[in-house]
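# An overview of the molecular structure
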Amino acid sequence: MGSLTRSPLDLLVIGGGIVGSGIVRDAAMRGLKVGLVEQHDFAFGTSSRSSRLLHGGLRYLAQGRVGLVRQASVEKTILHRIAPHLAEPLPFVFPTYSCDPDWALWQLKIGVKIYDLLCNGRNLGTSTWLSPEEVRERVPNLDLAGLNGAVRYYDGFTNDARLTIDTLRSAERSGAGLLNYCRYEGATRSNLWECAVRDRVCDRDLNLRARTVVNATGAWADGLPHSAVKLRLTKGIHLVIDGSRIPVRETVVMTERKRILFAIPWGERTILGTTDTDYSGDPDTVTADASDVKYVLRITNRFFPHARLCSQDVISAWAGLRPLVANPNGQPSDISRAHEIRNPEPGWWDVTGGKLTTYRLIAEQAVDRVVRWLRKSNAIPKGILSCRTAEESLLPADPEEYSGVLPPAFHRRAVQHYCANEWALHLEDVMLRRSSWHYYHPDAARKAVQVTDWMGELLGWSQARRAAELESYHGVKDGHAAREPLPFAVSHPRNDQPVASVV
Ligand SMILES: Cc1cc2nc3c(=O)[nH]c(=O)nc-3n(C[C@H](O)[C@H](O)[C@H](O)COP(=O)(O)OP(=O)(O)OC[C@H]3O[C@@H](n4cnc5c(N)ncnc54)[C@H](O)[C@@H]3O)c2cc1C
């Protein structure tokens, strides 16, 4: 905390999603004095509600967006290199049917070969195609009526919130100052940007001074003081069901006209999604409506008719918002996923749009601009390095046990680790974003009681605090708890206070 307030920062990043995390890591690794503030928990926003794919986007190729697909395809392979624990090769089976004029097998066969080439020929696996018989063997319960065959291609499977947290941990190792539950409220500019920040943990105001500011607040970006962003928000939901209901070993692509949905294997579960509908509500409280759930189940039941899925099969759900650069026209699915970096005021940048997959590249481009501006203003610190994020590993010291695409074993040691090393301050920080236990386990509510006890012992929570944490957790809907400050003052370990050790 002191390192953020003592002397002016070279850069303050607002927003602790994947984009802000990528920027703060890149800037810290180049040698800038950098800090980041996040209003809720790190990865609270879209960066814990995606489809968890590292992908070039075969769909975007069909739309002719070759540049975007190439960019994301190369980034996918870079992430596989620097963070193999969070970028597992994942095969996709894309079946085609004689009754579906939108997706012809011959076009997809050409498409997947181009797809491999766009990764500089180094895709995470080689694309092939399958006869109807081979599809049947690989995807036993798939609807076979009118099946022409399928293409099989590779993308990466990640864990979005873990990717964000591990990126932040890497940033911290390079000297960045990071604060969750601290909201940027406004700024004035003289020589420096004077930023008013509300510390919601300690219930106090902070004044952070910085030469430059990057607004990386995703779906919140156009409500922020000084932001010049115009967004069009679209909502996407995911459902988690038991793997035995739709037993896929490889991701199955399901189509509805030009749209595509996925059935993604996730350990003993299957993830189904997503939707793409315009959204105009509060980004803090987006949820999956009954109609969203019905839509995803309807499409899945069309492809897996024997499953007869209904809402009782849903173990958990999450809903997220795509912060798309505004385009009032066209279908949501047709709006470009490209990112934009704008500089509406001296020393202020708005970074919007983009994808999880391209976050490292977005960060590199944003920090390049910040460094150029600091240089022009004669404010560049000595010894600034060039970007190293594509070469330096993201691996934390303990990657396999506590960070991966699957949730870790349910154990007190994991909770201790998240509290001591990963800024977990509330029950939901552990249950939703550090471990994914909330989404994965049908008995998550029971596990939450146990985690409350462990966190209570580790962080010195009173009985009243434990009850408040559980109540707030039970208010979580589809991943969003519009968390209000707890009704009493709390002292939290803010990096400098030790967490009680595990006995
Ligand atoms: C349904 C869905 C599926 C997707 N699937 C994929 C996929 O499979 N692969 C892929 O590559 N991409 C995917 N994406 C896109 C990707 O998830 C997003 O592009 C990415 O997560 C956006 O990250 P972000 O950091 O810009 O925003 P966010 O993660 O939303 O982060 C912004 C943060 O800013 C914080 N904030 C807001 N206001 C303030 C303030 N005043 N002070 C401090 N902090 C503030 C918020 O709390 C939030 O945590 C998907 C998106 C959706 C919606």
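Note that residues are indexed from 1 along each chain, following the sequence as it is written. Per-residue local features of the predicted model are confined to residues with pLDDT of at least 70, and side-chain atom pairs are confined, for both listing and counting, to 80 or more; whole-chain, interface and lining totals are unaffected and use all residues.

## Let's talk about the overall build of the protein
Applied cut-off: Each helix is a run of H or I in the DSSP string that is no shorter than four residues. Each strand is a run of E no shorter than two, and both are numbered from the N terminus. Restricting the calculation to C-alpha atoms gives the radius of gyration, and the globule rule supplies 2.2 Å times the number of residues raised to the power 0.38. Exposure criterion: with C-beta atoms placed from backbone coordinates, a residue whose C-beta has 20 or more other C-beta atoms within 10 Å is buried, one with 12 or fewer is exposed, and one in between is partly exposed. By definition, residue pairs are in contact when their C-beta atoms, positioned from the backbone, come within 7 Å.
A tally of helices and strands in the protein yields 15 helices and 18 strands. Relative to the globule expectation of 23 Å for 503 residues, the C-alpha radius of gyration of the protein, 22 Å, shows essentially globular dimensions. Dimensions of the protein, computed from the C-alpha atoms along their principal axes, are close to 70 × 55 × 40 Å. Taking all 503 residues of the protein together, 50% fall into the buried category. If you take every contact in the protein between residues at least 6 apart in sequence, the share linking residues at least 24 apart comes to 72%.

## What about the pairing of strand β12 (residues 251–256)?
Looking down a regular strand, the side chains alternate between one sheet face and the other. Inclusion rule: At least two bridges found by DSSP between two strands are what make those strands a pair.
Relative to β12, strand β4 (residues 88–97) runs parallel, the two being bridged by two bridges. Bridge pairing in β12 places F92 opposite T251. The hairpin turn running from β12 into strand β13 (residues 259–266), its antiparallel successor, is two residues long, and R257 in that turn takes a positive phi close to 50°.

## Some remarks on the site of the ligand
How we decide: Placing the C-beta atom from the backbone, one calls a residue near a molecule or strand if that atom lies within 6 Å of it. Under the scheme applied, nonpolar residues are Ala, Val, Leu, Ile, Met, Phe, Trp, Tyr, Cys and Pro; charged residues are Asp, Glu, Lys and Arg; polar residues are all the others, including Gly.
Taken together, 39 residues lie around the ligand, and G15, G17, G45, G218 and G236 are the ones closest in. Those elements giving two or more residues to the shell around the ligand turn out to be α2 (18–30), β8 (182–189) and β16 (314–325). The element that contributes the greatest number of residues to the shell around the ligand is β16, accounting for four residues. Residue composition of the shell around the ligand, by class: 14 nonpolar, 19 polar and six charged.

## Focus on the environment of G15
The topology assignment puts G15 in the loop between β1 (9–14) and α2. Between the C-alpha atoms of G15 and C182, which are 167 residues apart in sequence, the distance is 9.6 Å. If sequence neighbours within four positions are ignored, G15 has contacts with G20, E38, N215, A216, T217 and G218.

## Topic: the domain arrangement of the protein
Our working rule: Domain start and stop positions are those given by an automatic or database domain assignment.
The domain boundaries assigned to the protein delineate domain 1 (2–47 + 161–230 + 336–376), domain 2 (61–156), domain 3 (231–325) and domain 4 (407–503). Taking only C-alpha atoms into account, the centre of domain 1 sits 35 Å from that of domain 2. Listed as interface residues are 11 residues of domain 1 and, on the opposing side, 10 residues of domain 2. Listed by contribution, the elements that provide at least two residues to the side of domain 1 that touches domain 2 are α7 (160–173) and α9 (359–376). When the residues that make up the side of domain 1 that touches domain 2 are grouped by side-chain class, the tally is three nonpolar, three polar and five charged.

## With respect to the nonpolar core
How we decide: As used here, a nonpolar core is made of buried Ala, Val, Leu, Ile, Met, Phe, Trp, Tyr and Cys residues. They are joined through C-beta atoms within 7 Å.
If you look at the biggest cluster of nonpolar residues, it comprises 141 residues, and the most contacted ones within it are L11, L12, V13, I23, V24 and V214. The dominant element in this core, judged by the number of residues it contributes, is α9, at eight residues. If sequence neighbours within four positions are ignored, L11 has contacts with A27, L32, V34, A210, T212, V214 and V370.

## With respect to the environment of T277
Looking at where T277 falls in the secondary structure, it is placed in strand β15 (residues 277–278). Note on T277: 15 C-beta atoms within 10 Å, which makes it partly exposed. Sequence-wise, T277 and K235 are 42 residues apart; in three dimensions their C-alpha atoms are separated by 5.3 Å.

## Digging into the packing of helix α12 (residues 427–434) against helix α14 (residues 444–459)
Under the convention used in this document: Only the stretch in contact is used when fitting a helix axis, every axis being a line fitted to C-alpha atoms; angles between N-to-C directions are given from 0 to 180 degrees. With respect to orientation, any angle under 35 degrees is reported as roughly parallel, any angle over 145 as roughly antiparallel, any angle of 65 to 115 as roughly perpendicular, and every other angle as oblique. Each crossing is labelled by how the near helix is turned from the far one, with a counterclockwise turn of less than a right angle marking it left-handed and a clockwise turn marking it right-handed.
Where α12 contacts α14, the two axes come as close as 9 Å, and the packing angle between them is 130°. As the angle between them shows, α12 and α14 are arranged oblique. With respect to the hand of their crossing, α12 and α14 are arranged in right-handed fashion. Contact with α12, carried on its side by L427, V430 and M431, involves A444, A448, V451, T452 and M455 of α14 and no other residues of that element. Of the residues assigned to the contact of α12 with α14, the class counts are seven nonpolar, one polar and no charged.

## So, helix α8 (residues 290–303)
Here is the rule: One less than the number of residues in a helix, times 1.5 Å, gives the span that helix is expected to have. What the arc measures is the spread of directions leading from the helix axis to the C-beta atoms.
Under the 1.5 Å per step criterion, the end-to-end length of α8 is 20 Å for 14 residues, consistent within 8% with the ideal 20 Å. Within the span of α8, buried status applies to D292, V293, V296, L297, T300 and F303. The buried residues of α8 occupy an angular sector of 125° when projected down its axis, which confines them to one face. For α8, the exposed residues lying more than 90 degrees away from the buried face are A290, S291, K294, R298 and R302. Those residues of α8 hidden inside the fold are in contact with β11 (231–242), β12, β13, β14 (269–273) and β16.

## Section: the pairing of β13
Burial analysis of β13 places six of its eight residues in the buried class, the great majority of the element. In this sheet, β13 lies alongside β12 in antiparallel orientation, the contact comprising five bridges. Each bridged residue has a counterpart across the sheet, and for V253 the counterpart in β13 is F262. Sheet topology note: the β13/β14 ladder contains five bridges and is antiparallel. In the strand pairing of β14, P265 is matched with T270. Counting the residues in the hairpin turn of β13 and β14 gives two residues, including G267, whose phi is positive at 55°.

## Describing helix α4 (residues 66–82)
Side chains three or four residues apart in an α-helix point the same way, a direct result of the helix having 3.6 residues per turn. Between the first and last C-alpha of α4 there are 24 Å, a value that for 17 residues agrees with the 24 Å anticipated at 1.5 Å per step. When we look at burial in α4, the residues that qualify are L68, V69, Q71, A72, S73, E75, K76, L79 and H80. The inward-facing, buried residues of α4 contact β3 (53–54), α3 (58–62), α5 (105–118), β6 (147–157) and α9.

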